[in-house]
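Spelled out, the chains give:
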Amino acid sequence: MLIFEIIKVAFSSIRANKLRAGLTMLGVIIGVSAVITVVALSSGARKAVEEQIEALGANLLSVSPGQSFMGGRASESRVSLTVEDAEALARDGRLIAAVVPEIQRSFPVEYAGQNASLNVVGTTSNYGAVRNVKITYGRMFSIGEDESRQRYAVLGAAVPTQFNVHPRAIISQTILIRGQPFEVIGVFEAKGSQGWSNPDEQVYIPLKTAQYRIFGSDRLRNVAVQIKEGASLDAGMVDIEGIMRREHKIRPGAENDFQIRNSQEFLATQQQTTEVFGVLLASIAAVSLLVGGIGIMNIMLVSVTERTREIGIRKALGATRANIMFQFLIESLVLCLAGGALGVALGWGASSVMSTNFGWNTLVSPTAVAVAFAFSALVGLFFGLWPAQRAASLNTIEALRYE
Amino acid sequence: MTPATVTDSTAARMAKLPEGVPRDSIIVTRNLRRAYEMGSETVHALRGIDLTIRRNEFVAIMGPSGSGKSTLMNMIGCLDSPTEGQYWLNGHPVWELGDNELARIRNKEIGFVFQTFNLLPRATALQNVELPMVYAGMPSKRRREAAAGALDRVGLTDRMHHRPNELSGGQRQRVAIARALVNLPSILLADEPTGNLDSKTSAEILELFEHLFDEGQTIILVTHEHDIAEHARRQVHLLDGLIERDIATEKAT
Ligand SMILES: Nc1ncnc2c1ncn2[C@@H]1O[C@H](COP(=O)(O)OP(=O)(O)O)[C@@H](O)[C@H]1O
Ligand SMILES: [Mg+2]
């Protein structure tokens, strides 16, 4: 009961000094909203990278043609990576679960009188399963259709839009690739850009069709290799390297003329960098919250001095040290919590403005909100303690005499 | 002596008072001293006060400026503690009590009226009078009723919701008196309560004290003016921190 009365007193003295209370809270508001925004930005970035890693497909390595080295200098032409290499990997790889060769080039594609220059990818029927891309409309071509060089095409999610047609409506329609008619049998789900390429804007056709009917070449752009579950990617790399060196007849001691990339690892490194930056920014924001807390302490000390007489009167009428201490602690706690709540609201608002207006990835997690709020309460208690202690230990007589 | 606490029964406490002291003594001091350290100097404000005040007395403490009246009053009101000596209030051995017990005694046993009123400027008359009951932990409805009653006793019913700066000096002192009385204290202490008031208002306040005394309130009044002291039934004269004279008086008519 007495506690509620004292809380009321604390509130009424905040109300009596609205402007000062507002200015005091400003420090905490800015601190908390900075923490919330920064944490939202970095967890948004982390989530985006996580989604990219997920989108890559599990346990994937990628083999691509490298340069051949002549006396330490890169030679003019890229060394080939061929369909035969892919077949050797699929046949001989002990740790390899699946191999997805990709032959790729930009060709004119025509649909209903509209022309576009698109990346055409010749690949095998297991492309979707290994790359973790699902078909939303129609179906993928089969192994048999690949072998028999059918003119079938599966489109990336953005291609129908490019031709101003609903993805469902383009199924069974004919498109012209390099002037040759292809039947559209499926459309992939949207995956989003993956940095160096955008799978949504590509057209996928059977590898054999591509090799013999369109490209006239067996040179692959890339081979995606899925490592067996339970095997490490490093061991997989060794396995691939051995087969590739044998296939390319590279002598011991000579450099590889191909590259094996671990895209997940690349993204994971990027992830770590993002996180380090996030922690750095969050600690700068936390320092600003601390400065806000010191502002509160400053104001509370002034307030104690200003209200010396009031404290004397309250003590003369029977207030205990604990009563006085509690009154001032509540006051600074209320200032900090109100500042914290406004700061959370402001940070939240800033985060959503950033994601809607600038397209930045943000994620306001309940944990971040709770931590920022708890931290501002802690700041209130910590920086309120000394002023409250000073108020409580004032000598009654001297306080009453204070002018 | 066994350590005393405020929860002892009144009879048990009174039995522990010094020999020869009347059992209805509210205030008993023995060799009460108070010294102030001023840098290298020591100011002896009180130099051994032996004073006994019984229930239903109206005592004026007199003496020239600097004689120690306020120091004694603050000691009696448990606002300050003696450097040396003993003091029983209503049988409580005040010099042995801790901070919280002293706060409780100030709250329950003592009503203090100051020369400068000491009202909270932002609070209304009613809220000011409620304050001692807030710290007594009384629920707000009962508090408001009691505060209104106390303001009625001092004749301020129509000024309940005014703030101190909307009241005259006399009215402010009435609010302070209502606040001092509201917890039904054993003793009402007033340190130069009319010092800041004109003579007409002073007369009204003194009339109020007379009235409260007639109703059975024990009162100690500090003043350096003889005509004010004449309202009391006993005068204690201080000089240089010692009791110079302690005389019973008849009320002037
Ligand atoms: N807080 C203090 N510090 C130092 N000296 C004090 C203090 N309070 C009172 N005194 C001294 O104690 C003596 C008594 O003061 P006080 O009790 O206020 O006298 P009175 O009320 O009779 O005028 C004076 O000499 C005064 O200067
Ligand atoms: Mg004085």
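Our subject is the structure that appears above.
An account of the accompanying structure is given in this report. (Residues numbered from 1 in each chain as written. Chains lettered and ligands numbered in written order. Predicted model: local features only at pLDDT ≥ 70, side-chain atom pairs only at ≥ 80, totals over all residues. Heavy atoms only, no water.)

### Quick word on the pairing of strand β10 (residues 242–248) of chain B
Residue and element names in this part refer to chain B.
Here's step 1: In this sheet, β10 lies alongside strand β9 (residues 234–239) in antiparallel orientation, the contact comprising six bridges. If you follow R234 over to β10, its bridge partner there is A248.
Here's step 2: With antiparallel pairing between neighbouring strands as the criterion, β9 and β10 make up a hairpin whose turn holds two residues, including D240 at a positive phi of roughly 50 degrees. (Pairing = 2+ DSSP bridges. Helix = DSSP H or I, 4+ residues; strand = E, 2+ residues; numbered from the N terminus.)

### Comments concerning the sheet that holds strand β3 (residues 58–62) of chain B
All names here are of chain B.
Here's step 1: With mixed pairing, six strands are arranged side by side in an open sheet as β6-β7-β8-β3-β9-β10. Two strands lie at the open edges of the sheet, namely β6 (110–113) and β10, each paired on one side alone. Averaged over all neighbouring strand pairs, the angle between strand axes comes to 15 degrees, with direction disregarded.
Here's step 2: Pairing geometry for β3 and strand β8 (residues 218–222), over four bridges, is parallel. (Axes fitted to C-alpha atoms, helices over the stretch in contact; angles between N-to-C directions.)

### Re empty space enclosed by the protein
Residues and elements named next belong to chain A.
Here's step 1: In the structure shown here, the tally under the stated rule is four cavities of 30 Å³ or more.
Here's step 2: By volume, the largest cavity is sized at about 80 Å³.
Here's step 3: Around the largest cavity, the lining residues are S13, I14, N17, R20, A21, T24, I299, M300, S303, E331 and L335.
Here's step 4: Contributing elements (two or more residues each) for the lining of the largest cavity: α1 (2–16), α2 (18–56), α10 (263–306) and α12 (321–357). (1 Å grid on protein atoms, 1.4 Å probe; cavity = no way out; pocket = protein on both sides within 12 Å on 5 of 7 lines; lining within 4 Å. Points joined across faces, edges and corners; volume = space filled by probe spheres on them.)

### Looking at the interface of chain A and chain B
Here's step 1: Contacts between the two partners involve 22 residues from chain A and, on the opposite side, 23 residues from chain B.
Here's step 2: For the pair chain A and chain B, the summed buried surface comes to about 2100 Å²; carbon and sulfur atoms form 59% of the total.
Here's step 3: Among the residues chain A hides against chain B, the three largest losses belong to A:I313, A:L317 and A:I397. Together they make up 26% of the total.
Here's step 4: For the interface between chain A and chain B, the tally reads two salt bridges. (Contact = heavy atoms within 4.5 Å. Buried area = accessible area lost by both parts, 1.4 Å probe. Salt bridge = Lys/Arg side-chain N within 4 Å of Asp/Glu carboxyl O.)

### Digging into the packing of helix α3 (residues 83–92) of chain A against helix α9 (residues 233–247) of chain A
Residue and element names in this part refer to chain A.
Here's step 1: At a closest axis distance of 10 Å, the pairing of α3 and α9 adopts a crossing angle of 135 degrees. Judged by the angle between their axes, α3 and α9 are oblique. Seen from above, α3 lies across α9 with right-handed handedness. Residues E84, D85, A88, L89, R91 and D92 of α3 pack against I240, I243, M244, R246 and E247 of α9.
Here's step 2: Broken down by class, the residue content of the contact of α3 with α9 amounts to five nonpolar, no polar and six charged. (Parallel < 35°, antiparallel > 145°, perpendicular 65-115°, else oblique. Left-handed = near helix turned anticlockwise from the far one by under 90°. Nonpolar A, V, L, I, M, F, W, Y, C, P; charged D, E, K, R; others polar.)

### Digging into the nonpolar core
Here's step 1: Of all hydrophobic cores here, the largest spans 72 residues; its most connected members are B:I27, B:L72, B:L89 and B:I220.
Here's step 2: A per-element tally of this core places α12(A) first, with eight residues.
Here's step 3: If we ignore the near neighbours within four places in the chain, the residues touching B:L72 are B:L32, B:L46, B:I49, B:L51, B:I61 and B:L238.
Here's step 4: In terms of nonpolar packing, the next biggest core, distinct from the first, is built from 44 residues, A:V63, A:A88, A:L95 and A:A153 among them. (Core = buried A, V, L, I, M, F, W, Y, C linked by side-chain atoms within 4.5 Å. Buried < 20%, exposed > 50% of the residue type's maximum accessible area, 1.4 Å probe, protein only.)

### A word on helix α13 (residues 366–392) of chain A
Here's step 1: Between its first and last C-alpha, α13(A) extends 37 Å over 27 residues, near the 39 Å set by a 1.5 Å rise per residue.
Here's step 2: The complete set of buried residues in α13(A) reads A:A368, A:V369, A:A372, A:S376, A:V379, A:G380, A:F383, A:G384, A:P387, A:A388, A:A391 and A:A392. (Expected span 1.5 Å × (residues − 1).)

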